[in-house]
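Chain by chain, the residues run as shown.
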Amino acid sequence: MELKELTQNILEILKVDSHAKLTQRIMHILESPERNTVFESYLGLCPDLLVDWLQKV
């Protein structure tokens, strides 16, 4: 998967429109009941947890 595609998919999963909002949105998700659903979506996109995909974004 190309970096641009990965970035767009992660932004869609986290429901943000820019990189600047990622940190705040992730913190919000961690404290919300939707965290498991979002994590499952993330695993579908990035199944190899040995790679830090968010670092690439």
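Please read all numbers here as calculations on a predicted model, not as lab measurements.

Participant: Please set out the packing of helix α1 (residues 3-14) against helix α3 (residues 35-45) residue by residue, giving values where relevant.
Facilitator: One can describe the packing of α1 onto α3 by two numbers: an axis separation of 10 Å at closest approach and a directional angle of 165°. It follows that α1 is roughly antiparallel to α3 by the angle criterion. The handedness of the crossing between α1 and α3 is right-handed. When α1 is examined against α3, the residues L6, N9, I10, I13 and L14 are found in contact with a partner set consisting of V38, S41, Y42 and L45. Of the residues assigned to the contact of α1 with α3, the class counts are 7 nonpolar, 2 polar and no charged.

Participant: Can you break down the layout of surface pockets residue by residue, with the values?
Facilitator: Its volume calculated, the largest pocket comes out at about 210 Å³. Lining the largest pocket are I10, L14, I26, I29, L30, R35, V38, F39, Y42 and L54. The element best represented in the lining of the largest pocket is α3, accounting for 4 residues. A breakdown of the residues in the lining of the largest pocket according to their chemical character gives 9 nonpolar, no polar and 1 charged.

Conventions we followed
Residues numbered from 1 in each chain as written. Predicted model: local features only at pLDDT ≥ 70, side-chain atom pairs only at ≥ 80, totals over all residues. Heavy atoms only, no water. Axes fitted to C-alpha atoms, helices over the stretch in contact; angles between N-to-C directions. Helix = DSSP H or I, 4+ residues; strand = E, 2+ residues; numbered from the N terminus. Parallel < 35°, antiparallel > 145°, perpendicular 65-115°, else oblique. Left-handed = near helix turned anticlockwise from the far one by under 90°. Contact = heavy atoms within 4.5 Å. Nonpolar A, V, L, I, M, F, W, Y, C, P; charged D, E, K, R; others polar. 1 Å grid on protein atoms, 1.4 Å probe; cavity = no way out; pocket = protein on both sides within 12 Å on 5 of 7 lines; lining within 4 Å. Points joined across faces, edges and corners; volume = space filled by probe spheres on them.

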